[in-house]
Amino acid sequence: MTDKIAEIRRQLAQIRFDDETIQAMRDKIAAHPQLQQGFSEAYGKYIKGEAVRPTLGNEMQIFYMRERQTLTFLLFPELLKLEYEVARMIGESVMADQMGGYTLPEIMKHNEPIAANHKYAIEEVVEADDHHAVYRHYECADCYGVPNIGMKICAYEAGTAAGCFSAALGKRCEVTETKCCANGDPYCEFLVTVVEE
Ligand SMILES: [Zn+2]
């Protein structure tokens, strides 16, 4: 049984995201402008206090999302890379216009309250200069309270952050999760690195 999983993992390990692939992903999303418009209208409503769903509103308990992604990554950790790159697209195309500031420290500071406002974590920027930044997420929606499975699973956060910060800064940023509740840490910690090209 284990070998069957290993077989799929070997296939997934072949997934590569080079610059051409990333650009093809951007083009594919750009070919569906109605999606991007729909997403930004949804944020517009949210900011005005209006819900997308008329009866149930925008909130839901977080367990469905956690069970789905925790088991996906436990079984196939190679998909963390795919999640990260898809999330980068969300950061670039959907969330970038929520950013503010010009330098990385300014961008980090401006971004800091969004996590708590959207109730996915309480964010604390620990350090930031023009080349790198470190921030923490307390009570992360993805992993807080998840048992220690020896994995850092918040690839969605890391990827969206990479996309948002890259778009705001005009330089490619990579974000790595260095601590995670699913790895036995009390909070998530992320390292932002500006890639100088
Ligand atoms: Zn985490």
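Scroll up a little and you will see the structure.
Keep in mind it's a predicted model, so treat the numbers as computed, not measured.

A. Examining the side chain of Arg88 more closely. Considering the arrangement of structural elements, one finds Arg88 in helix α5 (residues 79-95). Classification of Arg88 as buried rests on a relative accessible area of 5%. The contact partners of Arg88, leaving out residues within four places of it in the chain, are Ile22, Gly159, Thr160, Ala162, Gly163, Arg172, Cys173 and Glu174.

B. View of the packing of aromatic side chains. Summed over the entire model, instances satisfying the criterion amount to three aromatic pairs. Look at Tyr135 and Phe165: their rings are 6.4 Å apart centre to centre, the planes differ by 85°, and that puts the pair in the edge-to-face class. In this pair, Tyr135 is assigned in strand β2 (residues 132-138) and Phe165 in helix α8 (residues 155-169), connecting sequence segments 30 residues apart. Like Phe165, Tyr135 is buried. Relative to Phe190, the ring of Tyr135 has its centre 5.0 Å away and its plane inclined at 20°; by these criteria the two rings are stacked. Here Phe190 lies in strand β4 (residues 188-194) and Tyr135 lies in strand β2, a separation of 55 residues in the sequence. For the pair formed by Tyr135 and Phe190, the shared burial category is buried. In this structure an aromatic cluster arises from ring pairing among Tyr135, Phe165 and Phe190.

C. A look at the coordination of the zinc ion. Within the protein, the atoms that donate to the zinc ion are Cys143 (SG), Cys154 (SG), Glu177 (OE), Cys180 (SG) and Cys188 (SG), at distances of 2.2 to 2.7 Å. Taken in sequence order, the residues that donate to the zinc ion follow the motif C-x10-C-x22-E-x2-C-x7-C.

D. Quick peek at helix α6 (residues 104-111). Buried within α6 are the following residues: Leu104, Ile107, Met108 and Asn111. Down the axis, α6 shows its buried residues gathered within 100° of arc, on one side only. Contacts from the buried residues of α6 go to α7 (114-117), β1 (122-128), β2, α8 and β4.

E. Region of the structure containing the layout of surface pockets. There is about 1500 Å³ of room inside the largest pocket. The set of elements that each furnish at least two residues to the lining of the largest pocket consists of α3 (33-47), α4 (63-75), α5 and α8. Per-element accounting of the lining of the largest pocket gives the leading share, six residues, to α8. Here the lining of the largest pocket is built from residues that sort into 21 nonpolar, nine polar and eight charged. In this model, the second largest pocket occupies a volume close to 200 Å³. Around the second largest pocket, the lining residues are Phe17, Asp18, Asp19, Ile22, Arg26, Glu85, Arg88, Glu92, Ser166, Ala167, Arg172 and Glu174. Here the lining of the second largest pocket is built from residues that sort into three nonpolar, one polar and eight charged.

F. How the structure looks around the nonpolar core. Grouped together as the largest cluster of nonpolar side chains are 38 residues, with contacts concentrated most on Tyr135, Cys143, Phe165, Val175 and Val192. Where this core is concerned, the elements lending two or more residues are α5, α6, β2, α8, β3 (173-179) and β4. When residues of this core are assigned to their parent elements, the largest contribution, seven residues, is made by α8. Each residue touching Cys143, except ones within four places of it in the same chain, is listed here: Arg66, Ile153, Cys154, Cys180, Cys181, Ala182 and Cys188.

G. Spotlight on the environment of Tyr84. Of note, Tyr84 is situated in helix α5. Sequence separation between Tyr84 and Ala161 is 77 residues; the distance between their C-alpha atoms is 9.6 Å.

H. Broad picture of the sheet that holds β2. What the four strands build is an open sheet, ordered β1-β2-β4-β3; its pairing is antiparallel. Among the strands making up the open sheet, the edge pair consists of β1 and β3. For this sheet, the mean inter-axis angle between neighbouring strands, taken without regard to orientation, is 25°. Summarising the sheet, β2 and β4 pair through six bridges and their orientation is antiparallel. Residue pairing across strands places Tyr135 opposite Phe190, the latter belonging to β4. On top of the sheet, α6 reaches β1, β2 and β4; it is set at about 165° to β1, its chief contact. Relative to β3, α8 is tilted by about 145°, and along the sheet it contacts β2, β3 and β4.

Definitions and cut-offs
Residues numbered from 1 in each chain as written. Predicted model: local features only at pLDDT ≥ 70, side-chain atom pairs only at ≥ 80, totals over all residues. Heavy atoms only, no water. Helix = DSSP H or I, 4+ residues; strand = E, 2+ residues; numbered from the N terminus. Buried < 20%, exposed > 50% of the residue type's maximum accessible area, 1.4 Å probe, protein only. Contact = heavy atoms within 4.5 Å. Phe/Tyr/Trp six-rings, centres within 6.5 Å; stacked < 30°, edge-to-face > 60°. Donors = N, O, S within 2.8 Å, 3.2 Å for Na, K, Ca; no water. Arc of directions from axis to C-beta. 1 Å grid on protein atoms, 1.4 Å probe; cavity = no way out; pocket = protein on both sides within 12 Å on 5 of 7 lines; lining within 4 Å. Points joined across faces, edges and corners; volume = space filled by probe spheres on them. Nonpolar A, V, L, I, M, F, W, Y, C, P; charged D, E, K, R; others polar. Core = buried A, V, L, I, M, F, W, Y, C linked by side-chain atoms within 4.5 Å. Pairing = 2+ DSSP bridges. Axes fitted to C-alpha atoms, helices over the stretch in contact; angles between N-to-C directions.

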